[in-house]
Structures are given as structure tokens and as C-alpha cells.
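# Summary of the model geometry
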Amino acid sequence: MADTNILTAEAEQQLRQPIDDAIGKIQDQINVLRQDGTDQVIILSGHIEATKRDKSLSKAEREAAIKADKEALVGARAVESQNKDQVAQLIGEAERYLKAHCRTDYYEYVVKSCAEEKVAAKKAYDEQLASLRADHKQALAELSDRAEIKEQNYVYKNKLFDAKMTYQARQRQIKDRQHAAFVYEYHLLDMLRMSKFSVQENIRQKWENYKYTFNRRDFLLRNGLYFAIIIIFIILAIMTPIIKGTSLLTYNNILNILQQASPQMFLALGVAGLILLTGTDLSIGRMVGMGMTAATIIMHQGINTGSVFGVIFDFSKMNLWVRVIFALAACIVLSTVFTTIAGFFTARFQMHPFISTMANTLIIFGLVTYATKGVSFGAIDPAIPNMIIPKIGGFPSIIIWAIAAIVITWFVWNKTRFGKNLYAVGGNPEAAAVSGISVFAVTLGAFVFAGILYGFGSWLECARMVGSGSAAYGQGWEMNAIAACVVGGVSFTGGIGKISGVVVGVTIFTALTYALTILGIDTNLQFVFSGIIILIAVTLDSLKYVQKK
């Protein structure tokens, strides 16, 4: 070790041995103190829970077993309490020893060793490449036949590939060694504290794990589109003051973006669950038009100017709050009925959601247009928007509605059995079915949940736009919702996606559309722009899937 810092496995073990001995001695003392206390508390608590779930026991046997365990638990907790201070003192002693010795006497030496190993590995790789290149050049000089030259080139490429693979394997070994040295200290702390870490220690471990698992190609595949869109948005933010003489990133513009994004958030959250099941929904825009029309009719200012199947409705004599709630119920019921129909055909007859929701699109648009003659129903009562989405100190409360939807959907996806089943069915429906999950129920449930969110979204959009409901309203919104999900990382391959990604996708997409509108870019060109983003997003998603396979 005089000329190099590179450690052999034996040398590393020698560095670690004093720490193992010191901490092992303390750990043995702690284990003795925990044997009749903490260990028994854990065992008895687990046994009580298992007994509660044991269907083979009679009620009397279950109660007797639980009673005996609880009596033993009292004694174990008394021993645990009695030894608590002594255990804490020993843990403190071990922590002080680790703080004084683990990093300086062990980890830093391993880090230096790994740094030199990387240099040595790179040097060896470069020398191997130079040797292969020289051998290849010499071999080519001795050949004249084209077939032999082609074969030699093929052999040379294979040798280069083998050399690269060997070098990358060596890099991984060095990386693994340094990571193992970092984890060593936390493994000892884990044993001492029984998996209890401070906030700072958790942050350190997460950062180390992130660095250890970081892959540049995978990172760019996951986030490359985000970076590209953010760069485009920054360019638009710079161009807007030059071209239009007004700044894009003002407080009011940001609020406007979030207001526009809020109803769309409901739609994206709804269709995200279907994409998670490798499906989609082409009827979102028509659902919005139907909901907007129903909500406008119910909350209309005075008697309606249009008719439904020849009947002119007048709800103006009803209490405003009753009309508001009635409109919400109508939006949710109408949307949920149609999503349930599409979900039934998808789940029961294995029909692709593309077909079932396309059928819904045609049926909804045809019915609403025929019933209303395609007319717009004008404005709702001007007092209603301030009831549903009032501004609180200048802050639009429609954003709070969107936040509530995000929180609820996140909870459903991550904290309920239905959410876990949603991921399972999306990832592998056959395996999910074998494990006892009802694929039919999960699929139908995803469509019903989507319908509820569509209903809420169309109701809020009606309040935001102060009415203007018509069959044509919402045309193309399904593309925005689907694109936002794909940009946000919800994969069409199924079982992959996060609520946070959907939120980011909706926000980014709305901000870009808003910026392009301010710059006066033609709406038709905005469709082209959206199509390109969708194409790139799905391509990156497919590349991630291919890489995973």
C-alpha cells in the first residue's frame, strides 16, 4: 500500500475488523437486554395479529389465545421499559464509536481505493483498445481477399465489444464496492436501532441510492421530453416580451394557466386510470360537451333559450344551491352511465377501449346534437360561479378543487386495495386474475371512477366559462388529456404511472398552449405542435419498454 491506495479484499476486511469487533460486542449486549423485552413484544404482537386472522380457530380459542398473549405482552413491555435506558446508553456508545471511526478509518480508504481503481481500469481499457487496434491494423495489412477482410473487421468489432463489456463490468464492481462501504455503517445502525433512522440519515441514504442506481440513458428517456418542453417554454417566455411587449411569466398569467388546467386536471386524472390498464378514452371531449350542456340548462339564467327534445326547461325558480348540486349530480350521472357502458363492454367482451369509447363518442354527440339541435344554451346565473369557484383574496378557488381531486386520486391509487389492483391488472392481467383479483371489477371500477372525474370537470368548466354549454364544446379535449398523461409518464404498456406525472403533464401542456395563444400562433398549428409532442412522448415510452424487456 506504499505506492497505491488500491485495497485488496483482505486489506478492506482488516480495516473493517476493529469496527466489527467493537460494534459486535455492543450489539451482543443489546441483544441480551432485548431478548425478554423488545423481541418478545414484537413476537407477541405479531402472534396476536395472526391469531385475529386465523379462521381455523373458534371464537373461544381465539379469545383465549389473544388473552394469554396480552398477559405475556404486559410482562415483556415491563422488561423492555426496565432495560430501555441501558439499551439507549449502549446504542449511544456504538453511535459515538461509528462516528469517530467508521468514516475516517474505513469508508474514506475505500473511496480512495475506488477512485484509483477507476483510473487503473480506464488505463487498462485504453491499453487494450490500443493493442486491439494495432493487431487489427497488422492483420489487415496481411490480407487482400475481401471476404477475409470483412471477417477480420467482424472479429475486431466483437473484440471491441467484449473489451467494452469487461470494462463496464469492472466499473460496476468498483461502484458496488463503494456503495457497499457506504451501506455498511447504516447496516450497523439498522441493527442497533431496529430500523430507526433520523431524517438526515434517511436523506443521505436516499441520495446515495439515487447516485448508485442513476443511469444516464434511463434518466434521459424518462425526463428528456420534460427538458425539451421546458426549454421551449423558456424560449417562448423570452420571445413573448419581444414580440408582444408583455411578459409571459406574470402572476396573473400563472393563475390563468392554473385555472385553465384545473378542469383539464379532472379529465387527465380520469383517463390516466384507463391508460394504466393499457386503455384510453376517446369520448372525453363529448362527455365535457354533454356535461356542459346539462349543467348550463339546469343553472341557466332564467328560462332556457333552447329546448331538449322539444321541451324548454326552466329551473330558475329553484334555489340556487339546489340547482348547483342538481347540475353536479346530472354531470356525474350522465358521464358515469356512459363510461360504465364502455367499461362493461371492455371488461366483459375484451373489447379494446379504443372501440368502446369511440362508440360512446358517436352516441353522445349524436344524442346531444339531436336533442338540442346543436344550439348553445347561453349563460348560467351570474351568481353561481362565485358560489362554486369564488376568488379567495384574489386567488381562484377552482385550483383548490383541482388540488382536492389530485389528493383523492393519489389516495385511491396508492392507499387502497382498488389502486393496488389497478396497477396489478395494468401490469399483467393474467397474473392478476390468477392471484384472485377480479379483472372485470377493476376495469369497470376504473371506468366508473373516470366518469365521476369527467362529471366534476365538466361542471367546473361550466362554472368557469359561465355556461356556454353545447354539444360541440370540448371537441379535441381527449387529445389534451391523453397527451398530458403520456407526457407525465403514464405508460400505454400498462401498470406504470404516477399522479405527480399527470399533474406535471397537464400543467406543462396547458402552459405551452397558453404561451402559444398569447403569441398569436394559429390554433391549427397548435394541434400540429400537440401531435408532435404526443408522437415523441409515446416513442420515448416505447423505448423505455424495449429497454426494460
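What comes next is a walk through the structure.

Cut-offs applied
Residues numbered from 1 in each chain as written. Predicted model: local features only at pLDDT ≥ 70, side-chain atom pairs only at ≥ 80, totals over all residues. Heavy atoms only, no water. Axes fitted to C-alpha atoms, helices over the stretch in contact; angles between N-to-C directions. Helix = DSSP H or I, 4+ residues; strand = E, 2+ residues; numbered from the N terminus. Parallel < 35°, antiparallel > 145°, perpendicular 65-115°, else oblique. Left-handed = near helix turned anticlockwise from the far one by under 90°. Contact = heavy atoms within 4.5 Å. Nonpolar A, V, L, I, M, F, W, Y, C, P; charged D, E, K, R; others polar. Salt bridge = Lys/Arg side-chain N within 4 Å of Asp/Glu carboxyl O. Buried < 20%, exposed > 50% of the residue type's maximum accessible area, 1.4 Å probe, protein only. Polar contact = N/O pair within 3.5 Å; in protein donor to acceptor, adjacent residues only side chain to side chain. Phe/Tyr/Trp six-rings, centres within 6.5 Å; stacked < 30°, edge-to-face > 60°. Lys NZ or Arg CZ within 6 Å of the ring centre and 35° of its normal. Patch = residues over 30% accessible without salt bridge, like charges linked within 9 Å, V, L, I, M, F, W, Y side chains within 5 Å. Areas by Shrake-Rupley, 256 points an atom, 1.4 Å probe, with all protein chains shown as cover. Bend = angle between axes of the 7 residues up to and from the residue. Expected span 1.5 Å × (residues − 1).

Axis separation between helix H7 (residues 251-276) and helix H12 (residues 398-415) bottoms out at 8 Å; the angle between their running directions is 20°. As far as their axial angle goes, H12 and H7 are roughly parallel. Both H7 and H12 take part in a crossing whose hand is left-handed. Residues Leu255, Leu258, Gln259, Ser262, Pro263, Met265, Phe266, Leu269, Ala272, Gly273 and Leu276 of H7 touch H12, and the partners they reach there are Ile398, Ile399, Trp401, Ala402, Ala405, Ile406, Thr409 and Trp413. When the residues that make up the contact of H7 with H12 are grouped by side-chain class, the tally is 15 nonpolar, four polar and no charged.

Quick look at the pattern of salt bridges now. Following the criterion strictly, the structure yields nine salt bridges and no others. Note that Lys52 is salt-bridged to Glu49, the shortest N-O span being 3.7 Å. With Lys52 and Glu49 both in helix H2 (residues 38-53) and three residues apart, the pair spans about one turn of that helix. Given a relative accessible area of 44%, Lys52 falls into the partly exposed group. Since its relative accessible area comes to 38%, Glu49 is described here as partly exposed. With a closest N to O distance of 2.8 Å, Glu117 and Arg177 form a salt bridge. Placement of the pair is Glu117 in helix H3 (residues 59-141) and Arg177 in helix H4 (residues 146-193), with a sequence separation of 60 residues. For Glu117, a relative accessible area of 6% puts it in the buried group. Salt bridges linked by common partners bring Glu12, Glu117, Arg170 and Arg177 together as one network.

Moving on to the side chain of Ser397. Here Ser397 is to be found in the loop between strand S2 (395-396) and H12. With a relative accessible area of 6%, Ser397 lands in the buried category. A distance of 2.6 Å separates the side chain of Ser397 from the backbone oxygen of Pro390, its partner in a polar contact. In contact with Ser397, other than residues within four places in its own chain, are Ile388, Ile389, Pro390 and Ile392.

The next thing to look at is the packing of aromatic side chains. Aromatic ring pairs are reported here in terms of the distance separating the ring centres and the angle at which the planes meet. This structure, assessed with the given rule, holds 21 aromatic pairs. On the basis of an interplanar angle of 65° and a centroid distance of 6.1 Å, the ring pair of Tyr107 and Phe182 is categorised as edge-to-face. Of this pair, Tyr107 sits in helix H3 while Phe182 is found in helix H4, placing the two residues 75 residues apart along the sequence. Summarising the burial analysis for this pair, Tyr107 and Phe182 share the class buried. Taking the centre distance of 6.2 Å and the plane angle of 40° together, the rings of Trp401 and Phe456 count as tilted. Residue Trp401 is found in helix H12, and its partner Phe456 is found in helix H15 (residues 439-464); the two are separated by 55 residues along the sequence. Over the aromatic face of Tyr370 sits the side chain of Lys373, whose NZ or CZ is 5.2 Å from the ring centroid.

Below, the discussion takes up the environment of Ile91. Structurally, the position occupied by Ile91 is in helix H3. Ile91 gets classed as buried once you look at its relative accessible area, which sits at 13%. Taking C-alpha positions, Ile91 is 8.0 Å from Ile30, a pair spaced 61 residues apart along the chain. Discounting residues that sit within four places of it in the chain, Ile91 has contacts with Ile30, Arg34, Leu192 and Arg193.

For the rest of this paragraph, the subject is the environment of Ala268. Tracing the chain through its elements places Ala268 in helix H7. Spatially, the C-alpha atom of Ala268 lies 6.3 Å from that of Cys485, the residues being 217 residues apart in sequence. Not counting chain neighbours up to four residues away, the residues in contact with Ala268 comprise Ala481, Cys485, Val502 and Val506.

Turning to a nonpolar patch on the surface, a few remarks are in order. A grouping of Leu220, Phe227, Ile230, Ile231, Ile234, Ile235, Ile238, Met239, Ile242 and Ile243 is seen on the molecular surface, where their side chains present a nonpolar patch of about 940 Å² in accessible area. Relative to the elements of secondary structure, Ile243 occurs in helix H6 (residues 216-244).

Running from N to C, H2 and H3 point in directions that differ by 160°, and their axes come no closer than 8 Å. As judged from the angle between their axes, H2 and H3 are roughly antiparallel. Like other packed secondary-structure pairs, H2 and H3 cross with a definite hand, here left-handed. Mapping the contact onto sequence places Thr38, Gln40, Val41, Leu44, Ser45, His47, Ile48, Thr51 and Lys52 in H2 and Arg62, Ala65, Ile66, Asp69, Lys70, Ala72, Leu73, Ala76, Arg77 and Glu80 in H3. Here the residues of the contact of H2 with H3 sort into eight nonpolar, five polar and six charged.

Our next topic: helix H1 (residues 9-35). Of all the bends in H1, the greatest, near 35°, is centred on Arg16, and the proline Pro18 appears no more than four residues after it. Of the positions making up H1, those classed as buried are Ala11, Glu12, Ile19, Ile23, Ile26, Gln27, Ile30, Leu33 and Arg34. In this structure, the buried side of H1 is in contact with H2, H3 and H4.

Compared with an ideal rise of 1.5 Å per residue, which puts 48 residues at 70 Å, H4 spans 69 Å between its outermost C-alpha atoms and is within 8% of the ideal. At Tyr184, H4 shows its maximal bend, which comes to roughly 30°. Capping the start of H4 is the job of one residue whose side-chain oxygen sits 3.1 Å from the backbone nitrogen of Ala147: Asp145. Count one or two residues on from H4 and you reach Met194, which has phi positive near 60°.

This part is about the environment of Met318. Following the sequence through the fold, Met318 ends up in the loop between helix H8 (284-298) and helix H9 (320-349). Sequence separation of Met318 and Met299 is 19 residues, and the distance between their C-alpha atoms is 9.5 Å. With residues near it in sequence (within four places) discarded, Met318 still touches Arg323 and Phe326.

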